[in-house]
Amino acid sequence: MIIKSADFVKSATRPANYPPGDFKEVAFAGRSNVGKSSLINVLVNRRGLVRTSSTPGRTQLLNFFDINGEFYLVDLPGYGFAKVPLAVKKQWGPMVRTYLEGRENLRALLLLFDIRRVPQQEEIQLLDWLEELQVPTIPIITKVDKITRSRRERQILPILEATGLPRDAFTLFSALTREGRDEIWERIDAALDDDAQPVFVDEDD
Ligand SMILES: Nc1nc2c(ncn2[C@@H]2O[C@H](COP(=O)(O)OP(=O)(O)O)[C@@H](O)[C@H]2O)c(=O)[nH]1
Ligand SMILES: [Mg+2]
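In this report, the structure presented in the accompanying data block is examined. On a predicted model such as this, the values are computed, not experimentally measured, just so you know.

1. Observations regarding the packing of helix α1 (residues 36-44) against helix α6 (residues 181-193)
And step 1. One can describe the packing of α1 onto α6 by two numbers: an axis separation of 10 Å at closest approach and a directional angle of 85°. With respect to each other, α1 and α6 are oriented roughly perpendicular. Packed against α1, whose contacting residues are L39, V42 and L43, the element α6 presents R181, I184, W185 and I188 at the interface.
And step 2. Tallied by class, residues from the contact of α1 with α6 come to 6 nonpolar, no polar and 1 charged.

2. Notes on the nonpolar core
And step 1. L76, Y99, L100, L109, L126 and I141 are the most contacted members of the largest nonpolar core, which has 34 residues in total.
And step 2. The contact partners of L126, leaving out residues within four places of it in the chain, are A29, Y79, W92, V96, L100 and L111.
And step 3. By size, the runner-up hydrophobic cluster in this structure holds 27 residues, among which are V34, V44, L73 and L110.

3. Here's the deal with the site of ligand 1
And step 1. Neighbouring ligand 1 are 16 residues; N33, S37, S38, D145 and A175 lie closest to it.
And step 2. The separation between an oxygen atom of ligand 1 and a polar side-chain atom of K143 is 3.1 Å.
And step 3. Here a nitrogen atom of ligand 1 sits 2.7 Å away from a polar atom, N or O, in the side chain of D145.
And step 4. For ligand 1, whose accessible area on its own is 580 Å², the fraction buried by protein is 78%.

4. A short note on the pairing of strand β2 (residues 24-29)
And step 1. Across the 6 residues of β2, 5 count as buried, placing the element largely inside the fold.
And step 2. Pairing geometry for β2 and strand β4 (residues 71-75), over 5 bridges, is parallel. Counted as the bridge partner of K24 is F71 from β4.
And step 3. Bridge count between β2 and strand β5 (residues 106-114): 5 bridges; the pairing is parallel. Following the sheet pairing, V26 is matched in β5 by A108.

5. Looking at the packing of aromatic side chains
And step 1. Across all of its chains, the model carries 9 aromatic pairs by this definition.
And step 2. On the numbers, 4.5 Å between centres and 55° between planes, the contact of Y79 with W92 is tilted. Highlighted residues: Y79 in the loop between β4 and α2 (86-102) and W92 in helix α2, separated in sequence by 13 residues. No difference in accessibility class separates Y79 from W92, as the two residues are buried.
And step 3. Ring geometry for F113 and F170: centres 5.8 Å apart, planes at 70°, overall edge-to-face. With F113 in strand β5 and F170 in the loop between α5 (157-163) and β7 (171-172), this residue pair connects regions lying 57 residues apart in the sequence.
And step 4. Residue class for F113 comes out buried when judged on its relative accessible area of 3%.
And step 5. Judged by its relative accessible area of 4%, F170 falls in the buried class.
And step 6. An aromatic cluster of at least three residues, connected via ring pairs, comprises Y18, F23, F64, Y72 and Y99.

Rules behind the numbers
- Residues numbered from 1 in each chain as written.
- Chains lettered and ligands numbered in written order.
- Predicted model: local features only at pLDDT ≥ 70, side-chain atom pairs only at ≥ 80, totals over all residues.
- Heavy atoms only, no water.
- Axes fitted to C-alpha atoms, helices over the stretch in contact; angles between N-to-C directions.
- Helix = DSSP H or I, 4+ residues; strand = E, 2+ residues; numbered from the N terminus.
- Parallel < 35°, antiparallel > 145°, perpendicular 65-115°, else oblique.
- Contact = heavy atoms within 4.5 Å.
- Nonpolar A, V, L, I, M, F, W, Y, C, P; charged D, E, K, R; others polar.
- Core = buried A, V, L, I, M, F, W, Y, C linked by side-chain atoms within 4.5 Å.
- Buried < 20%, exposed > 50% of the residue type's maximum accessible area, 1.4 Å probe, protein only.
- Near = heavy atom within 4 Å.
- Polar contact = N/O pair within 3.5 Å; in protein donor to acceptor, adjacent residues only side chain to side chain.
- Areas by Shrake-Rupley, 256 points an atom, 1.4 Å probe, with all protein chains shown as cover.
- Pairing = 2+ DSSP bridges.
- Phe/Tyr/Trp six-rings, centres within 6.5 Å; stacked < 30°, edge-to-face > 60°.

These figures capture arrangement, not role.
Written as structure tokens, this is what we have:
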């Protein structure tokens, strides 16, 4: 993927405020601090397009970025940060669910897992929704530079176990070394290129 332009378009909390679904898009989801913003910045070669931080935003927003005037990348609100007020935490599920259900130009969701953490209920919830709504899922394991190569495969076993996904579903990524960047672009490209709509068979018909 050659990045000619990468521009912030807008933030939104609800469908009325999303940009028009005129481009295809892929979205990114994961726990606060998992490395979502860092991944997007590495993908588009822009250090500061998406703000990275160890402190979470208090407002939960979907952030839309226009890439090459051809497609959108969407940074979904993070979850799981202890210091976020309960009222804000409660918005996450409905906000993300509403987006996944209604966004017809969505082609895939990249779901990020920190190599050092065991997936929690939000990740499992997301995987359930993605399956139910038939959104293609691209699972990514982030921050792999934090673990020596020889320990990696053992380290990710709890992630495989909790998600029930096979090892080869996952791409390993490091924002520090950029390992995995090309493979992730290939997977995004494939998702954006795939014009075949899933065929739903209604068993009641
Ligand atoms: N070592 C290492 N640190 C990372 C990596 N990705 C993100 N970080 C750091 O983890 C923290 C959270 O990253 P950020 O991208 O803001 O996470 P987000 O909350 O998911 O958007 C920041 O301090 C990043 O510098 C990575 O691949 N390797
Ligand atoms: Mg972020």
